[in-house]
Amino acid sequence: MAHLFSIPLADLRLQNGYTFAKPVLTYQVFGQTLGTAAVVVVNHALTGNSNVSGPDGWWSELVGLGKTIDTGAFTVISFNIPGNGYDKNPANLISEYKQFTVRDIAQLFWNGLHALGIERIFAVIGGSLGGAIAWEMAVLQPRSIGHLIPIATDWKATDWVIAQVLIQDQILNNSDDPIADARLHAMLLYRTPESINQRFSRTRTNEPSVFQVERWLLNHGIKLKNRFTLSAYKLMNHLLKTNDITKERADFLQVIRNVTAAIHIVAVDTDLFFTAAENRKTFEILKTKRENIFLHQINSVHGHDAFLIENEQLSQILNPIFHTQKTNTYVSYNH
């Protein structure tokens, strides 16, 4: 695992006026030394963390030496969303989770980049919650990103997403086994009926009364409970409903018009959470106003989680962005 660094930052005034005192941002760096190559920022999803590459990296099929996001050519930085628990320090967990929004996290990430002397990045990429943060980062610094790559996500939380977040929050606050039980519900949003049916075919375990699908779900709940904290789950889930780059701003086109990044929207055709139909609507709106907007689609039986499963398709989508332009410089440093 790459070394886990930390940056103490100045107090941050959050979107709702609350002050986040003395935030500490933790992060990992993969590939080239800071200051020697273009920077790619990878944002993690709800149960993810900064460990994106290497033997235990959650995106090691895409990020690494000679991979699509080539650590031989780029400096790859991944921040931990404060409160995700990855640094194992109980003092850094957040109890007042409803005070925070995606915009606050995006601002913290920019504050972290600026503290590292980074003013411009080649690309920001992320799936699900990580992609939502990427949208917000682009709006906060509209001329500082070469490529915005939101995957299996959206620039706003739809009513459907908000409803699912409410159910998750109710489980997390009322269940006797909150992390495990919330995970059971979430897994059925992240996959599709076809994926589940195809995988298990109504087979049973060695216990005749227990189906394989039941054992699979229960194991997912146990695994997450063993590596995740309740406060982290509450925060990450809540952030999903706060995703809206137009809030307290203007309409979508006005908000996005100053963003100079090439925007590569990557949808999943079977996504039951951030639907492909919503991604297409965004693309149709934007393509009338700008040329550097692209819509890509992962075709998969697996639904939302396809961005973590369909590595070959995702590589084919991303290769032209990273491999043909990886020698370009989209980053500047303050010294």
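Conventions and cut-offs
Residues numbered from 1 in each chain as written. Predicted model: local features only at pLDDT ≥ 70, side-chain atom pairs only at ≥ 80, totals over all residues. Heavy atoms only, no water. Helix = DSSP H or I, 4+ residues; strand = E, 2+ residues; numbered from the N terminus. Expected span 1.5 Å × (residues − 1). Buried < 20%, exposed > 50% of the residue type's maximum accessible area, 1.4 Å probe, protein only. Arc of directions from axis to C-beta. Contact = heavy atoms within 4.5 Å. Axes fitted to C-alpha atoms, helices over the stretch in contact; angles between N-to-C directions. Left-handed = near helix turned anticlockwise from the far one by under 90°. Nonpolar A, V, L, I, M, F, W, Y, C, P; charged D, E, K, R; others polar. Polar contact = N/O pair within 3.5 Å; in protein donor to acceptor, adjacent residues only side chain to side chain.

The subject of this paragraph is helix H3 (residues 159–174). Its 16 residues give H3 an end-to-end C-alpha distance of 22 Å, which sits within 8% of 22 Å, the value for a rise of 1.5 Å per residue. Restricting attention to buried positions, one finds in H3 the residues Val161, Gln164, Val165, Gln168, Asp169, Ile171 and Leu172. Down the axis, H3 shows its buried residues gathered within 160° of arc, on one side only. Turned more than 90 degrees off the buried face of H3, the exposed positions are Asp159, Leu166 and Asn174. Looking at the buried residues of H3, the elements they touch are helix H4 (178–190) and helix H7 (230–241).

We now examine the packing of helix H5 (residues 193–200) against helix H6 (residues 212–227). One way to put it is that H5 packs onto H6 with a least axis distance of 9 Å and a crossing angle of 115°. Crossing geometry of H5 relative to H6 is assigned as right-handed. For the pair H5 and H6, contact is made by Ile196, Arg199 and Phe200 and by Gln212, Val213 and Trp216, respectively. Grouping the constituent residues of the contact of H5 with H6 by class yields 4 nonpolar, 1 polar and 1 charged.

Locating His238 in the fold gives a position in helix H7. Looking at His238, its side chain comes within polar contact range of the main-chain oxygen of Phe100, at 3.1 Å. Sequence-distant contacts of His238, defined by excluding residues within four places in its chain, comprise Tyr97, Lys98, Phe100 and Val165.

Mapped onto the elements of the fold, Phe20 is located in strand E3 (residues 19–20). Distance from Phe20 to Asp104, taken between C-alpha atoms, is 9.6 Å for residues 84 residues apart in sequence. In contact with Phe20, not counting residues within four places along its chain, are Asp11, Leu12, Leu14, Pro82, Ile94, Phe100 and Leu108.

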